[in-house]
There are 2 protein chains.
Amino acid sequence: MPKYVDHDRRRDEITDATLAIIARDGIRAIKTRTVAEESGWSTGSLAHYFGSSRELLLGSMRRATEVQGRILRTYRDKSGLTPLEALYGIVESLLPFDDRRLALNRIFLAFCGEATADDKLNEEISEYFDNIRRFVRRAIVAAQDQGYVRGDIDADNATLHLCALIDGFTLHALFDPQIMKDLQARAGLAQEMVTTALLPPTAAPTDMHAKP
Amino acid sequence: MPKYVDHDRRRDEITDATLAIIARDGIRAIKTRTVAEESGWSTGSLAHYFGSSRELLLGSMRRATEVQGRILRTYRDKSGLTPLEALYGIVESLLPFDDRRLALNRIFLAFCGEATADDKLNEEISEYFDNIRRFVRRAIVAAQDQGYVRGDIDADNATLHLCALIDGFTLHALFDPQIMKDLQARAGLAQEMVTTALLPPTAAPTDMHAKP
């Protein structure tokens, strides 16, 4: 009988091992040797699936965003959640507060940086951002349709606002361990972000700009 | 008479030319040839000051953040502005809506990405973020001290919130030309961000989470 090899599964094992190392020790720790140890596959196997360490990192980013996409679809399709609960879940799933989400955000930021000088990569990263915004927007519109959020709120603005909050807080946390710790410990952070992004325009105190 | 060469000035001319290209054509357009053309210095001169294109980019990022630092100090020291006006000015100076600020944000993002795998660079980027937060925090506290902003608002939280908004909106704009255009055209965006980040905790409608 011919030996059956599930190549997709093996690739996933290798990229999952890579992401585990990134969460634990950062991207600087990614070497053929460390990934071989973590995954249990030989350096030869690794080279078979990923021709270079950049290929391995790119494959790992795609693996991380693919898993994230699956989670987003789960929230989209989940029955039994209110639209706001689904929105909280979506936001929570993107914040860098466990190994999976930390690795996702670290490797994604690495390629955001690289994408500033690489058109093809830029397109891929842009599509990912666009995709996230689409999921967030859909959840916001569902919340409006079902009366959880005021209908006069501009869904595009609220979507961009919420995504900006998620990515902005994440960026600062990635470069400051104390901010990471504080945010991780802040109960209800996802709800806070959603509430802020969905504030009706009239909620802001207009007298703030006046002279005291 | 010996020929006097102002090396600092020449370095600034080269990095300013680099930043001008980055604003116009992106980081991908940085080549010895294009920088030589833009700056008016020979490729030999360029090589004298910057040993590699990475050194040139790093020098250009440092030039951009140095200029940004000077602008932040101006807002800190400016008399005749209310603390809120100074805060709007600080936020405005960081948003990527002209050549200087676009180049700053593009090159900074490139090195944020690289910093995920480089400890020394990570330290430099972290310090820059920390520095920006310090300027923003000082302006917020001044606004509180002078009665423009409520004293019960946590200055650290508001600072992080405001910086997250600036960097989050910028990140999405950098990867989506339409978002960039829309935000650039949005009058009062800096004020909006400040108002949102400085909302008193009670301003958020608490009934938003209830079933309709």
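Residues numbered from 1 in each chain as written. Chains lettered and ligands numbered in written order. Predicted model: local features only at pLDDT ≥ 70, side-chain atom pairs only at ≥ 80, totals over all residues. Heavy atoms only, no water.

Below, the discussion takes up the overall build of chain A. Summing up its helical and strand segments, chain A has ten helices and zero strands in all. In chain A, the succession of helices and strands from N to C terminus is α-α-α-α-α-α-α-α-α-α. Seen along its three principal axes, the alpha-carbon backbone of chain A occupies a region of about 75 × 45 × 35 Å. Per-residue burial for chain A yields a buried fraction of 53% across its 212 residues. Across chain A, the fraction of contacts at a sequence separation of at least 24, relative to all contacts at a separation of at least 6, is 67%. Here chain A displays about 10,200 Å² of accessible surface, and carbon together with sulfur accounts for 49% of that area. Charge separation in chain A, taken as the distance between the mean sites of 27 positive and 31 negative side-chain charges, equals 3 Å. (Helix = DSSP H or I, 4+ residues; strand = E, 2+ residues; numbered from the N terminus. Buried < 20%, exposed > 50% of the residue type's maximum accessible area, 1.4 Å probe, protein only. Contact = heavy atoms within 4.5 Å. Areas by Shrake-Rupley, 256 points an atom, 1.4 Å probe, with all protein chains shown as cover. Lys, Arg positive; Asp, Glu negative; His and termini not counted. Charge placed at Lys NZ, Arg CZ, Asp CG, Glu CD.)

In many reports, interface size means the accessible area that the parts give up when they come together. With 54 residues of chain A in contact, the opposing surface of chain B contributes 54 residues. Here chain A packs against chain B, burying approximately 4,600 Å² in sum over the two surfaces, 67% of which is carbon and sulfur. On inspection of chain A and its partner chain B, the count reaches four salt bridges. Between A:Asp119 and B:Arg28 there is a salt bridge whose closest N-O contact spans 2.4 Å. Within the residue set of the side of chain A that touches chain B, elements represented by two or more residues are helix H5 (83–94), helix H6 (99–115), helix H7 (119–145), helix H8 (155–174), helix H9 (177–185) and helix H10 (189–197) of chain A. By residue number, the principal contributor to the side of chain A that touches chain B is H8(A), which donates eleven residues. By residue class, the composition of the side of chain A that touches chain B is 30 nonpolar, 14 polar and ten charged. (Buried area = accessible area lost by both parts, 1.4 Å probe. Salt bridge = Lys/Arg side-chain N within 4 Å of Asp/Glu carboxyl O. Nonpolar A, V, L, I, M, F, W, Y, C, P; charged D, E, K, R; others polar.)

Turning our eyes to something else, we now look at the confidence of the model for chain A. Residues and elements named next belong to chain A. Summary statistics for chain A give a mean pLDDT of 92 and a share of 93% for residues scoring 70 or more. Contacts of residues 203–207 to residues separated by more than four positions or lying in other chains number seven contacts, the stretch itself having pLDDT below 50. Interface confidence in the predicted complex, given as ipTM, is 0.93; pTM for the same model is 0.93. (pLDDT = per-residue confidence, 0-100.)

With that out of the way, let us pick up the relation of the copies chain A and chain B. Superposing chain A onto chain B takes a rotation of 180 degrees plus a shift of 0.0 Å along the axis, which leaves an RMSD of 0.0 Å. Look at the turn and shift together and you get a two-fold axis relating the two. (Least-squares fit on C-alpha atoms with pLDDT ≥ 70 in both.)

Checked against the element boundaries, A:Asn105 lands in helix H6. Non-local contacts of A:Asn105, meaning those with residues more than four positions away in its chain, are made with A:Leu94, A:Leu95, A:Pro96, A:Thr170 and A:Leu174.

Residues and elements named next belong to chain A. Axis separation between H6 and H7 bottoms out at 8 Å; the angle between their running directions is 135 degrees. On the basis of the axis angle, H6 is oblique to H7. Crossing hand, H6 versus H7: left-handed. Side by side, H6 and H7 meet where Leu104, Phe108, Phe111, Cys112, Glu114 and Ala115 of the first sit next to Leu121, Asn122, Ile125, Tyr128 and Phe129 of the second. When grouped by side-chain class, the residues that make up the contact of H6 with H7 number nine nonpolar, one polar and one charged. (Axes fitted to C-alpha atoms, helices over the stretch in contact; angles between N-to-C directions. Parallel < 35°, antiparallel > 145°, perpendicular 65-115°, else oblique. Left-handed = near helix turned anticlockwise from the far one by under 90°.)

Another point: the environment of B:Glu66. Residues and elements named next belong to chain B. Locating glutamate 66 in the fold gives a position in helix H4 (residues 53–77). Between the C-alpha atoms of glutamate 66 and leucine 84, which are 18 residues apart in sequence, the distance is 24 Å. Engagement of the side chain of glutamate 66 in a polar contact is seen with the side chain of arginine 70, the distance being 2.9 Å. (Polar contact = N/O pair within 3.5 Å; in protein donor to acceptor, adjacent residues only side chain to side chain.)

With that settled, the discussion passes to helix H9 (residues 177–185) of chain B. For H9(B), every residue scored as buried is listed here: B:Ile179, B:Met180 and B:Leu183. The arc that holds every buried residue of H9(B), seen down its axis, measures 100 degrees, which confines them to one face. Turned more than 90 degrees away from the buried face of H9(B), the exposed residues are B:Pro177, B:Lys181 and B:Ala185. Tucked into the core, H9(B) has its buried residues touching H7 and H8 of chain A together with helix H6 (99–115), helix H8 (155–174) and helix H10 (189–197) of chain B. Of the residues flanking the start of H9(B), the one acting as N-cap is B:Asp176, its side-chain oxygen 2.9 Å from the backbone nitrogen of B:Gln178. (Arc of directions from axis to C-beta.)

The next thing to look at is the pattern of salt bridges. Residues and elements named next belong to chain B. Within this structure, the stated rule accounts for 42 salt bridges over all chains. Note that arginine 133 is salt-bridged to aspartate 130, the shortest N-O span being 3.2 Å. Pair noted here: arginine 133 and aspartate 130 are both in helix H7 (residues 119–145), with a separation of three residues, about one helical turn. Here arginine 133 falls in the buried class, since its relative accessible area comes to 9%. Of the residues examined, aspartate 130 reaches a relative accessible area of 34% and is grouped as partly exposed.

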